[in-house]
Every structure is written in C-alpha cells, then in structure tokens.
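Results of the structural survey
Here is how the chains run, residue by residue.
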Amino acid sequence: MKNKYLFLRGKTYVLLFATGIFLFGSCTQGYDGELWESPIKNSQLQSPEESEFKFGTVLKSDGSEVAVVNWPVVYGAGGYLFNLAIIDDPENPIPVVTDSIIDGCTVMFDKLEDTKYEISVRTLGNEKLNNKAAEKASTCTYSTLIPAMQIPEGIEIASFIQEHLQMSEKEQAFELAAGKTYHLDELIDFGLNTITFRGNKTHRPTIIVGENGGIKTQGGLKTKFINFDCTSMKATGLLTLSENPDESISTANLGYKAVGANQDGFVINNPIIFQECNIKNLKNSLLYGNKKNWSLRDFRVMDCIVQLNNSGSNSIIHLQGASNGLIKNLTIKNSTFYNLVMNKSAYFIRYSNSSNAQPKKIFGENDNSSTFIISHNTFCKTFSNKDFANNMPNTNTLVTNIEYNIFYDVFRLYQIIQNQSYMTTPGNTIWGVDGGTPNSNDTGGRKDKLGNPYATLEDPQFVGPFLQEFDLEQLNGGVNFKPTGAIAVENKAGDPRWYE
C-alpha cells in the first residue's frame, strides 16, 4: 500500500465525506522519502487479529467526539474491506458502512453516545504481488456505554444500589436487564456521586415504583432507557433533590460568592438528565427541590413520554418553597407531556423567587447567563388552568428558545417568556378546549425578537386516542399525538415520534 492518505473509494466515500460521518487518516510507512515495496509476495494474507484493534477518541472543534479505530499494517495487502454497524439490538443490526474499500489502517467515525458498534475488517489481496485476500474478516465490538454494574432481576433496586454504591468522584453506572420488570419500594439516595442509571435502548426494562419509592440525588444523574410505573408512588417527586445539601457544593465553597453571587444556596454542576424514558401515572413532580435552595447547572428531558395524573399543586419541575434556586440551562426536547385530568393548581415549571432566580445571584458575575431550550415537544393539559411557568427571572442574560412545540390546553405560555430575555418562538401552535383558553399575549399580542408570535392558534387535531392512561406494554403507550392541523404539520411541530 503506497497511498499516503487512507480513503473510501467510489460513491460511498463521497456520501460519507459529504455528511461528515467519517474522517480518514494515513497509516502508510515510508523510508527516507522513497517508495517501499513489500517483500510479501505469492502469499495467502490474513486479516488483523481482533486483539490488535486499538481504539481512541478525538475531540472536534465543535465539541463533539469521533472514535478512532486502527490496526497494524498487513504487508502485501491491496487494502481492506471495512464494515461498521450499530448493534444496540444484536438481532437487528443497523449498517453504517457496508463493504467500503479503504487504503490505510485507521478509520475515524462519529462517536454516538450510549451506542454499541461492530467493526469488521478483511484484508484484500494484491494482484501485482500475487497475494490472495484473507479468507475471512476479523470483527470486534466497540461501545460508548460506560461500564455498569448489572442489577439482577427480582432484587429490590434501592437495597441493591445502596449496598453496592461507592463514594467516588468517578462516574458510576447501574444497569437493568433488557425487558425485565423491577420494583423500587424505597428511596434510592445517590448522594454526591455522579451516576448513570440505565436500562436497555431497544428493550426497556420497567420499574414499578412503590409508595415510598423514588430517586434522590445531590450529584449528577443520567436516567436513561427505563419505563417507570408511578401508579402507586406517593412521593412528591420521582427525582428529589436532597433535603440535606452538602456544604461542599454551597455557593460559598464552590467560589461563586467570591465572584459576585449574593445567595446562600447549593449547586449541582454535573448534568441531570432524563433520556428516552416513559413515565406512567405521575401524580406529582418529575423534579422536586425539597424546599431547599437548590440550583442546577444543566437539567434535560429528551425523547421522553411523561403521562401525568396530577390534580394537585405540585408542578412538574418544582423548585418552589425555598428562598432561591434555578436551572441555569434547561433543555426539554423531542418529548411529550400529557395529563389525564384538569388541573387548576400546578405549573409546568415553578421557581421560588424570580429575583433570586437570576443566574448571577447564584453563579456570580462571571457566569451569569442562562438558556431555556424547549424544542419539538407536545404538551397536553400541562396545565389547563394555571400559568405554564411561575417566578421566572426577567433578565437580559437569559436566552429563551421555545420552538416548534404544540401546546394543547396549556394556559398562559407567555409567563415563561420574559420580555428582557432574548427569545425566539418560531413554529409553535396553541389550542384550548378544557379551560386552557389561549391568552392573547400567546397568539400575537407579544412577539419574539424576530417578530414571531409566541404561538399560532390552531387545533392540532390529534389522531388519538390521547387522553388515556399510558400502556407500558405498547409501542408509545397506545396513544397517538400525531397532529393533522395544517400549520403544525407544515412546521413538523410537536414531538417528532408522532410523525414516524
């Protein structure tokens, strides 16, 4: 192999290069600048051994990562036949690259989070040297999942985790078996630890949450690929922030008061994430601040369906009851929230004090920005007769992007869009049936920085059924929020899953 740069040949190369999925580097050996010819001739070649594949990670300029795989040169080869597939579901692999011929021995590809790959490399022959191709390819697997402790089926989750949880600055992971059913009868307290608590991407396990069950943290927590049945749960929040915040994460000990913060509070700097979770019959809050001065740097809900049966006063994101607290960067994306009953008492998101929710009062003068991204979601009856938000900060350091959502029986959306923030609101629709009459401020009385109304008045005309209890045994719970309203459809507004 004399080529200086490794490449994909033909149409496959053009396609992958254009989409930015792959990058390729050189592995060719030179000698004093002269071309070198392999002494391996008239031979049957072998593919690289599985143990010889090496992996690494490269950070791109935009902050994303690419995975790097390389293998030793097979001298006398005419290239390699390369295949890459995603095998999150081993019985249904998803091809990413199929039978691509490359020169060289290094491949770089986009590193997707929580993904398992299978890589296949077969050494190709070299007609000039009369070398024959390897009879078979070598395969290896590569996973971007962090290693996890498996929780056996039939064991109560809280007791198992408390027995095996270690106090550590390193991220720990606990994993539930694919498709199995578990019970959470007590409160899991993850403390200050950074935790990934996950199921299986393609066959989610189900957790039946008992009366006293729930999750508690004061560290980073990623909850992924799990179904939660909260029918029996009586706790105020599925995820509760600790009632005894540790002094090590106070605004004073983290150094924020030294740079201008004026509040005595507690900060979780690592992300707290719900991703690809389905939640059934949640009667209270998804996130509950326990009436303590908690602030989160990064809270995300992505690709989730949250079915509520909430007629009380506990908001979905509930940081009310303290003297300060906020979410610095809030992301809600590609998700559906719906409530089975009318609610006149709860907000979707509620802080304690609008003035003390200004980011500079918690994070200081040097870190005083805040971002709300609420994009491509479907909100139904959350909530019909109470403001969408309460006690939100009104400051020019806040960016609010509320885009391409459907709001159905959602009251006074404008309360989350404060007029001093930089806000963009394209592509939203809003409709009211059961008390959630859209306010004129929502439908053009107020506009974003680009001249868009906060939402356009339109009945989404969901295909349905949609106001029924979520069925964890059915795909997408047996409900259907696919809109047929012309504006929503044109904008592809709402949770993208309903267009599939």
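Residues numbered from 1 in each chain as written. Predicted model: local features only at pLDDT ≥ 70, side-chain atom pairs only at ≥ 80, totals over all residues. Heavy atoms only, no water.

**Quick notes on the overall build of the protein chain**
Scanning the protein chain for helices and strands turns up 5 helices and 37 strands. For the protein chain, the spread of C-alpha atoms along the three principal axes comes to 80 × 55 × 50 Å. Put simply, the protein chain has 500 residues, and 52% of those count as buried. Of the contacts formed within the protein chain by residues at least 6 apart in sequence, a portion of 76% connects residues at least 24 apart. (Helix = DSSP H or I, 4+ residues; strand = E, 2+ residues; numbered from the N terminus. Buried < 20%, exposed > 50% of the residue type's maximum accessible area, 1.4 Å probe, protein only. Contact = heavy atoms within 4.5 Å.)

**Quick word on the nonpolar core**
Counting 80 residues, the largest nonpolar core has Phe197 and Ile416 as its most contacted members. Ignoring anything within four residues of it in the chain, the contact list for Ile416 reads Ile349, Phe372, Ile374, Phe388, Ala389, Met392, Thr400 and Ile402. (Core = buried A, V, L, I, M, F, W, Y, C linked by side-chain atoms within 4.5 Å.)

**What about unusual backbone geometry?**
Cis geometry is adopted by the peptide bond preceding Phe383, which originates at Thr382 and carries an omega value of 0°. Here Phe383 lies in the loop between β31 (378-380) and β32 (389-390). Gly464 connects to Pro465 through a cis peptide bond whose omega is 0°. Along the chain, Pro465 falls in the loop between β37 (456-457) and α5 (486-491). At Gln461, a position not held by glycine, the phi torsion is positive, near 50°.

**Observations regarding the sheet that holds strand β22 (residues 278-282)**
Spatially, β12-β15-β18-β22-β25-β28-β31-β34-β36-β37 is the arrangement adopted by the 10 strands of the open sheet, whose pairing is parallel. The sheet is open, and its two edges are formed by β12 (181-184) and β37, each paired on a single side. As paired strands, strand β25 (residues 305-308) and strand β28 (residues 336-339) are joined by 4 bridges and run parallel to one another. Directly across from Leu308, in β28, lies its bridge partner Asn339. (Pairing = 2+ DSSP bridges.)

**Some words on the sheet that holds strand β26 (residues 317-318)**
Taken in spatial order, the 7 strands line up as β13-β16-β19-β23-β26-β29-β32 in an open sheet, and their pairing is parallel. The open sheet is flanked by β13 (187-189) and β32, the only strands paired with a single partner. Judged from the 2 bridges that link them, strand β29 (residues 349-350) and β32 form a sheet pairing that is parallel. Paired with Arg350 across the bridge in β32 is Asn390.

**Quick notes on the layout of surface pockets**
Left-over empty space is what a probe sized like a water molecule reveals as it rolls over the atoms. When its volume is computed, the largest pocket comes out at roughly 620 Å³. Listed by contribution, the elements that provide at least two residues to the lining of the largest pocket are β27 (327-333) and β30 (370-375). (1 Å grid on protein atoms, 1.4 Å probe; cavity = no way out; pocket = protein on both sides within 12 Å on 5 of 7 lines; lining within 4 Å. Points joined across faces, edges and corners; volume = space filled by probe spheres on them.)

**With respect to the environment of Gln162**
Within the secondary structure, Gln162 is located in helix α2 (residues 157-164). The spacing of Gln162 and Ile188 is 26 residues in sequence and 7.1 Å in space, taken between C-alpha atoms. If we ignore the near neighbours within four places in the chain, the residues touching Gln162 are Leu187, Ile188 and Asp189. A distance of 2.7 Å separates the side chain of Gln162 from the backbone nitrogen of Asp189, its partner in a polar contact. (Polar contact = N/O pair within 3.5 Å; in protein donor to acceptor, adjacent residues only side chain to side chain.)

**Some points on α2**
Ile157, Ala158, Phe160 and Ile161 are the residues of α2 that are buried. Considered in projection along α2, the buried side chains sweep an arc of 165° and stay on one side of the axis. Where α2 is buried, its residues touch β10 (149-151), β11 (172-176), β12, β13, β14 (195-198) and β15 (206-209). Its side-chain oxygen at 3.2 Å from the backbone nitrogen of Ala158, Glu156 defines the N-terminal cap of α2. (Arc of directions from axis to C-beta.)

**A look at the side chain of Ser370**
Topologically, Ser370 is positioned in strand β30. For Ser370, a relative accessible area of 4% corresponds to the buried category. Not counting residues up to four positions away in its chain, the partners in contact with Ser370 are Ile327, Lys328, Asn329, Pro359, Thr397, Leu398 and Val399.

**As for the side chain of Asn131**
With respect to the helices and strands, Asn131 occurs in the loop between β8 (116-123) and β9 (138-143). A distance of 2.9 Å separates a polar atom in the side chain of Asn131 from the backbone oxygen of Gly76. Aside from chain neighbours lying at most four places away, what touches Asn131 is Ile40, Lys41, Asn42, Ser43, Leu45, Gly76, Gly125 and Asn126.

**Considering the pattern of salt bridges**
Pairing between side chains of opposite charge can happen when their charged atoms approach one another. Under the counting rule described, the total for this entry stands at 20 salt bridges. Lys234 is the salt-bridge partner of Glu211, the closest N and O atoms lying 3.8 Å from each other. Residue Glu211 is found in the loop between β15 and β16 (214-217), and its partner Lys234 is found in the loop between β18 (227-229) and β19 (237-241); the two are separated by 23 residues along the sequence. It is possible to trace a salt-bridge network through shared partners that takes in Glu113, Asp114 and Lys224. (Salt bridge = Lys/Arg side-chain N within 4 Å of Asp/Glu carboxyl O.)

**Considerations on the packing of aromatic side chains**
Enumeration according to the criterion identifies 24 aromatic pairs in this entry. For the pair Phe388 and Phe407, a centre-to-centre distance of 5.8 Å together with 85° between the ring planes defines the contact as edge-to-face. One end of the pair, Phe388, is in the loop between β31 and β32; the other, Phe407, is in strand β34 (residues 406-408), with 19 residues separating them in the sequence. Relative accessible area serves as the criterion here: at 1%, Phe388 is assigned to the buried category. Each residue in the set Tyr338, Tyr408, Phe462, Phe466, Phe481 and Trp498 is aromatic and connected to the rest through ring pairs, giving one cluster. The ring of Phe363 carries the charged tip of Lys328 above its face, separated from the ring centre by 5.6 Å. One cation-aromatic arrangement involves Lys492 over Tyr499; the distance from NZ or CZ to the ring centre is 5.6 Å. (Phe/Tyr/Trp six-rings, centres within 6.5 Å; stacked < 30°, edge-to-face > 60°. Lys NZ or Arg CZ within 6 Å of the ring centre and 35° of its normal.)

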